[in-house]
Amino acid sequence: MGYLYREVVEYKQKRFAKILLPLITILCILNFVVILSDLRKYLNNLHYVITLLVSALIFVQFKIWRKCKRRYRYQIIDDELIIERFDGDKRRVELSIDIKQIIKVEKIIDKICDDIEYKEFCFSNKQNNIYRVIYKMDGKMYSFCFEPSTKFINKVNSLLKKKPLAS
């Protein structure tokens, strides 16, 4: 039996979203009630601006709702790093790489500005606890950004120290 470690990362501002989503829904319903109650007067006034605003609120509501349902599971099983994405009940393996393919793990301080293709598996727009893993697969360099705990990074680094030098 090999090494096993896993953790799940979720959207951190769910409480804010639980307040914001019903508020946006109430505003949209109120807007449609106003439109239906006084349609003739409404058509003569600022209906374009209000319609645009309601459309933007519905879009924001949808984005926040989707973000709240998404979570990532980072796991190490038998020297393999696996990243899974959960959208509600749907599970999808986003990335599965052997620890031996990892070249380095680094904490991101500035924006990424090199030519390596990368994916992002995190929620944060802030650069507080985001790490970048650079790995080599099929002769090409890739990287991904994710938001694990310090304990998870320590586990990955300890496995990297154990990997054979020749690969």
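Scroll up for the structure.
Now for a look at the structure at hand. No experiment lies behind these values; they were computed from the predicted model shown. (Residues numbered from 1 in each chain as written. Predicted model: local features only at pLDDT ≥ 70, side-chain atom pairs only at ≥ 80, totals over all residues. Heavy atoms only, no water.)

### A look at the overall build of the protein chain
Along the backbone of the protein chain there are four helices and eight strands. Secondary structure elements of the protein chain, listed N to C terminal, follow the sequence β-α-α-α-β-β-β-β-β-β-β-α. Sorting the 167 residues of the protein chain into buried and exposed places 35% on the buried side. Surface summary for the protein chain: the accessible area is close to 11600 Å², and the carbon and sulfur share equals 58%. (Helix = DSSP H or I, 4+ residues; strand = E, 2+ residues; numbered from the N terminus. Buried < 20%, exposed > 50% of the residue type's maximum accessible area, 1.4 Å probe, protein only. Areas by Shrake-Rupley, 256 points an atom, 1.4 Å probe, with all protein chains shown as cover.)

### A word on the pairing of strand β4 (residues 90-98)
The pairing of strand β3 (residues 80-87) with β4 spans eight bridges and is classified as antiparallel. Counted as the bridge partner of Leu81 is Ile97 from β4. In this structure, the hairpin formed by β3 and β4 is closed by a connection of two residues, where Gly88 is found at a positive phi of approximately 70°. (Pairing = 2+ DSSP bridges.)

### Regarding the nonpolar core
Core analysis: the largest hydrophobic core is formed by 22 residues, its most contacted members being Leu81, Ile102, Val105, Phe144, Phe146 and Phe152. For this core, the secondary structure elements donating two or more residues are β1 (4-10), β2 (70-77), β3, β4, β5 (102-107), β7 (131-137), β8 (140-146) and α4 (150-162). Sequence-distant contacts of Val105, that is, excluding residues within four places in its chain, are made with Tyr131, Arg132, Val133, Ile153, Val156, Asn157 and Leu160. (Core = buried A, V, L, I, M, F, W, Y, C linked by side-chain atoms within 4.5 Å. Contact = heavy atoms within 4.5 Å.)

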